[in-house]
Amino acid sequence: SIDVANEAVAPQRYRATLTVRFDAEGVRGLLRNAGIAFAAADKGLSLVVPVLRYDGGSFWDDGWWRGAWETAVGRGGLIPMLVPLGDLADRQALPADGAALSDPAAQDALAARYDAGAVWIAEGRVAGGQLEGRLTGPDGRALTATAPVAGEGGEKAAADTVVTQLLDQARSGWRSTNLVDYSRR
């Protein structure tokens, strides 16, 4: 189906916002018949927990690191993600100390609050003028990225760069393990 909104008509131009909805099974059939490979989006919701590490300690972040994750996951993608509220109940379910972050029971408790199927831990650490990011997925595999903190934008710009790199890696991994390629059948 197609929805048309925000129409604007001028003597030389027509503008509108179009929303196009496709029949998922029909598109899959078309791709299958044409032998075109594709990766479908994950149907389950994943949480991404932004944590900052400083001087050996860690804590749930409420600033620039969290903001970069909220902005990036809000754009959508192959892995539907949500940044949890980070309220007291979240912090009690999954404390930010190193041992709790990797505890499956603590991750499950947090995931249950949001009806999510998986938890990703997004750790950020500023060291030597670099922001070091580490995204650990539900399978325990860690992805890493770095960006310089110095210059225009400082920590926020570095966080935007690192988060984009980490999500690109996660989505690439998802794509490679969930690729449907009918041309090889």
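Our subject is the structure that appears above.
Residues numbered from 1 in each chain as written. Predicted model: local features only at pLDDT ≥ 70, side-chain atom pairs only at ≥ 80, totals over all residues. Heavy atoms only, no water.

### Quick notes on the overall build of the protein chain
- A tally of regular secondary structure across the protein chain gives 6 helices and 10 strands.
- Per-residue burial for the protein chain yields a buried fraction of 36% across its 185 residues.
- When contacts within the protein chain are restricted to residue pairs at least 6 apart in sequence, long-range pairs at least 24 apart make up 53% of them.
- Summed over all atoms, the accessible surface of the protein chain reaches about 10700 Å², with 52% contributed by carbon and sulfur. (Helix = DSSP H or I, 4+ residues; strand = E, 2+ residues; numbered from the N terminus. Buried < 20%, exposed > 50% of the residue type's maximum accessible area, 1.4 Å probe, protein only. Contact = heavy atoms within 4.5 Å. Areas by Shrake-Rupley, 256 points an atom, 1.4 Å probe, with all protein chains shown as cover.)

### Here's the deal with the pattern of salt bridges
- A full pass over the atoms with the stated rule returns 8 salt bridges.
- For Arg-113, the salt bridge goes to Asp-90, with nearest N and O atoms at 2.2 Å. Of this pair, Arg-113 sits in helix 5 (residues 104–114) while Asp-90 sits in helix 3 (residues 88–93), and the two are 23 residues apart along the sequence.
- We classify Arg-113 as partly exposed; its relative accessible area is 42%.
- Here Arg-125 ties to Glu-132 by a salt bridge, and the two come within 3.0 Å at their closest N and O atoms.
- On the basis of relative accessibility, which here comes to 38%, the residue Arg-125 falls in the partly exposed class.
- One network of salt bridges, in which partners are shared, links Arg-53, Glu-123 and Arg-134. (Salt bridge = Lys/Arg side-chain N within 4 Å of Asp/Glu carboxyl O.)

### Describing the side chain of Thr-136
- The residue Thr-136 is located in strand 8 (residues 130–136) in this model.
- Setting aside residues up to four positions removed in sequence, Thr-136 forms contacts with Val-119, Trp-120, Ile-121, Glu-123, Arg-141 and Ala-142.

### Focus: the pairing of strand 9 (residues 142–148)
- Side chains of strand 9 alternate between two faces, with Leu-143, Ala-145 and Ala-147 buried and Ala-142, Thr-144, Thr-146 and Pro-148 left unburied.
- Connecting strand 8 to the next strand, strand 9, in antiparallel fashion are 5 residues, including Gly-140 with a positive phi near 90°. (Pairing = 2+ DSSP bridges.)

### A closer look at unusual backbone geometry
- One non-glycine residue with positive phi stands out, namely Asn-6, at about 55°.
- When you line up the elements, Asn-6 lands in strand 1 (residues 2–10).
- For Asn-6, a relative accessible area of 62% translates into the label exposed.
- A positive phi angle is found at Asp-115, which is not glycine, with a value near 55°.

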